[in-house]
Structures are given as structure tokens and as C-alpha cells.
Amino acid sequence: IETLSQLNKLNYELPKTSPVWYIQSDWGIKNRIREIIAGVREELIVFSSSPEFLQALEPEIQELEKTCNLTLIVDELDRFSSLPFEFRETKKEFKNEFTDFLNNIVIDGIQYNEEFFMIADGKESIGVHSAGDKREAVVIKLPIICYLQKMIYSRVLEPSFVKNDR
């Protein structure tokens, strides 16, 4: 009884989760993307240079088309023609620069290629890229960072999807 009394007096606070985390497994990446999509309420912005990613998510994205503002950005429209979505392509003057920016990142001798990027409700994002021969993802749950990411994507599209009514 005394032990129970002492246990009841203990205070334990769970540590806060990090607003940024890193995923290395394909299963973990796809699972997290599906979790994020399931939580979308208002807006989803997706960039993809990989038709395979969007193909795997086709049922979830088709459901979201009915309920939220959906912006799908691709690097080359022709590669995505088999998918039943309306895509946005980057402005002509930014096309080469933007594609190079996403696909020719070399840091410490490792080449990074962005395959998929998603911003959900302006609050959470996930970027999936290959780093050398590994696929990895970074999830960010910081609204200010997601806003800045959204501004970058908005800048390369015509017309922009960011409302300037602030």
C-alpha cells in the first residue's frame, strides 16, 4: 500500500515530440504519406517527379478531390498522362531551373533528387527524395516552414495558388 501511495505521488511528463523527423523505410514513407492525406481538411499541395508515387496514392487523392482544394504539380506533364488528375506545370521560365534545383542537389558528394513533396493544410509537409541509392523522407510539422515551402512552389506556377489577401 505504501508503494502504491509513493507511485501516485510521482509526476511524469511525456517528452514533446519533435516537429521534424526523418524516415528511411519505403513502408514508413508510404504509411506516413497516407496518414497525412487522411488528415487533410482544406488544402493539399503535391509536387511529384515520380508517376509511380501518384499512382500508388490514386484512390486517396481521388477522394480528396471531392473535399478539399487540391494542387498537383508535376515536372513533365507527358509522364503523368495515364493518371486521371488535373495537373499544374511550372512556368516556362522556371521549368529548367526548378527541375535542376530539385534534381541536381549535391551535398558532400551525395546527389539528392526530390521525388515527391506534399504540404497538408499549410501545417505539415513531407519531402521524399533519393540520396544516392537510398530513399528517405523528412516530415515537418511547423506551420511557418510549411508556409515558406508553399511560397516557393507558388512562385514557380502561373497563376499562383497562394492568395495575397493578407
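Every value quoted in this text rests on a predicted model; they were computed, and no experiment measured them.

### Comments concerning the overall build of the protein chain
On a plain count of helices and strands, the protein chain comes out with six helices and eight strands. Going from N to C terminus, the protein chain has its helices and strands arranged as α-β-α-β-α-α-β-β-α-β-β-β-β-α. Scored against the burial criterion, the 166 residues of the protein chain give a buried share of 39%. Pairs at least 24 residues apart make up 57% of the contacts formed inside the protein chain by residues separated by at least 6 positions. Total accessible area on the protein chain is roughly 10,600 Å²; 53% of this is exposed by carbon and sulfur atoms.

### Section: helix H6 (residues 143-155)
Between its first and last C-alpha, H6 extends 18 Å over 13 residues, near the 18 Å set by a 1.5 Å rise per residue. Where H6 is concerned, the buried positions are Cys-146, Gln-149, Lys-150, Tyr-153 and Ser-154. Mapping the buried residues of H6 onto a view down its axis gives an arc of 140 degrees, with all of them on the same face. In H6, the exposed positions that point more than 90 degrees away from the buried face belong to Ile-144 and Arg-155.

### Description of the side chain of Ser-130
Within the fold, Ser-130 resides in strand S7 (residues 124-131). Given a relative accessible area of 13%, Ser-130 falls into the buried group. Excluding residues within four positions of it along the chain, Ser-130 makes contact with Gln-111, Tyr-112, Asn-113, Glu-115 and Arg-135.

### Section: a nonpolar patch on the surface
Side chains of Val-20, Leu-142, Ile-144, Ile-145 and Leu-148 sit close together on the surface and give an oily, nonpolar patch of about 390 Å² of accessible area. When residues in the nonpolar patch are grouped by element, the largest group, three residues, is from H6. For Ile-144, the position within the fold is in helix H6. We classify Ile-144 as exposed; its relative accessible area is 57%.

### Some remarks on the confidence of the model for the protein chain
On average, residues of the protein chain score 83 in pLDDT, and 78% of them are at 70 or above. Throughout residues 161-166 the model reports pLDDT below 50, and contacts reaching past four residues in sequence, or to other chains, amount to eleven contacts.

### A few points about the pattern of salt bridges
Side chains that differ in sign of charge can pair as their charged atoms come close. The tally for this structure, following the rule as stated, stands at seven salt bridges. Note that Glu-43 is salt-bridged to Lys-150, the shortest N-O span being 2.8 Å. You can see Glu-43 sitting in strand S2 (residues 43-48) and its partner Lys-150 sitting in helix H6, a full 107 residues away along the chain. Just as Glu-43 is buried, Lys-150 falls in that class too.

### Overview of the nonpolar core
Core analysis: the biggest nonpolar cluster contains 27 residues, and Ile-33, Leu-44, Leu-54, Phe-116 and Met-118 have the highest contact counts within it. Those elements that place two or more of their residues in this core are helix H2 (26-38), S2, helix H3 (51-56), helix H4 (58-67), strand S3 (69-74), strand S6 (110-120), S7 and strand S8 (134-140). Residue contributions to this core peak at four residues, all from H2. Ile-45, Phe-117, Ile-119 and Cys-146 belong to the second largest nonpolar core, which has seven residues in total.

### Some thoughts on the packing of aromatic side chains
For the structure on display, the rule yields three aromatic pairs. With a centroid separation of 5.0 Å and an interplanar angle of 20 degrees, the aromatic rings of Phe-53 and Phe-116 are classed as stacked. Taken as a pair, Phe-53 in helix H3 and Phe-116 in strand S6 lie far apart in primary sequence, 63 residues in all. By the burial criterion, Phe-53 is buried, and Phe-116 matches it. With 6.1 Å between their ring centres and 85 degrees between their planes, Phe-85 and Phe-87 make a pair best called edge-to-face.

What counts, and where the lines are drawn
Residues numbered from 1 in each chain as written. Predicted model: local features only at pLDDT ≥ 70, side-chain atom pairs only at ≥ 80, totals over all residues. Heavy atoms only, no water. Helix = DSSP H or I, 4+ residues; strand = E, 2+ residues; numbered from the N terminus. Buried < 20%, exposed > 50% of the residue type's maximum accessible area, 1.4 Å probe, protein only. Contact = heavy atoms within 4.5 Å. Areas by Shrake-Rupley, 256 points an atom, 1.4 Å probe, with all protein chains shown as cover. Expected span 1.5 Å × (residues − 1). Arc of directions from axis to C-beta. Patch = residues over 30% accessible without salt bridge, like charges linked within 9 Å, V, L, I, M, F, W, Y side chains within 5 Å. Salt bridge = Lys/Arg side-chain N within 4 Å of Asp/Glu carboxyl O. pLDDT = per-residue confidence, 0-100. Core = buried A, V, L, I, M, F, W, Y, C linked by side-chain atoms within 4.5 Å. Phe/Tyr/Trp six-rings, centres within 6.5 Å; stacked < 30°, edge-to-face > 60°.

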